[in-house]
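One letter stands for each residue in the lines below.
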Amino acid sequence: MTVKELIVQLQRLPNQDALVIIASGNTNEWLVTSGIIERGISPSPTNPDFVVPGNDPGVEII
């Protein structure tokens, strides 16, 4: 599943207050999310693997 597909699925949840838990199948690797927030982002000038606040559309998984 891509991040875009995950976001679409989260947006389809009828209960936007639902708690979502995603596990990789490996021990102690969990992603727990309670929703998403649209944010403005830009690539980090010091590390391209991270983003900082900016003007490009982005989504924060919370």
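Overview of the structure. Values in this document were obtained by computation on a predicted structure and should not be read as measured data. (Residues numbered from 1 in each chain as written. Predicted model: local features only at pLDDT ≥ 70, side-chain atom pairs only at ≥ 80, totals over all residues. Heavy atoms only, no water.)

**Some remarks on the pairing of strand β2 (residues 30–33)**
Line of reasoning, step 1. Here 4 bridges tie strand β1 (residues 20–23) to β2, and the two strands are oriented antiparallel to one another. Across the sheet, V20 pairs through a bridge with T33, a residue of β2.
Line of reasoning, step 2. The hairpin turn running from β1 into β2, its antiparallel successor, is 6 residues long, and G25 in that turn takes a positive phi close to 100 degrees. (Pairing = 2+ DSSP bridges. Helix = DSSP H or I, 4+ residues; strand = E, 2+ residues; numbered from the N terminus.)

**Comments concerning a nonpolar patch on the surface**
Line of reasoning, step 1. On the surface, V3, I22, L31, V59 and I61 cluster together into a nonpolar patch covering about 350 Å² of accessible area.
Line of reasoning, step 2. Structurally, V3 is set in helix α1 (residues 3–12).
Line of reasoning, step 3. For V3, a relative accessible area of 56% translates into the label exposed. (Patch = residues over 30% accessible without salt bridge, like charges linked within 9 Å, V, L, I, M, F, W, Y side chains within 5 Å. Areas by Shrake-Rupley, 256 points an atom, 1.4 Å probe, with all protein chains shown as cover. Salt bridge = Lys/Arg side-chain N within 4 Å of Asp/Glu carboxyl O. Buried < 20%, exposed > 50% of the residue type's maximum accessible area, 1.4 Å probe, protein only.)

**Focus on the sheet that holds strand β5 (residues 56–61)**
Line of reasoning, step 1. A sheet is described by the order of its strands in space; here 3 strands give the open sequence β4-β3-β5, paired in antiparallel fashion. Each having just a single partner strand, β4 (51–53) and β5 make up the two edges of the open sheet. In this sheet, neighbouring strand axes are inclined to one another by 65 degrees on average, regardless of whether the strands run parallel or antiparallel.
Line of reasoning, step 2. In the sheet, strand β3 (residues 36–43) pairs with β4 via 3 bridges, with the strands oriented antiparallel. The residue of β4 that forms the bridge with S42 is V52.
Line of reasoning, step 3. Strand contacts of α1: β3 and β5, with the helix running at about 155 degrees to β3, the strand carrying the most contacts. (Axes fitted to C-alpha atoms, helices over the stretch in contact; angles between N-to-C directions. Contact = heavy atoms within 4.5 Å.)

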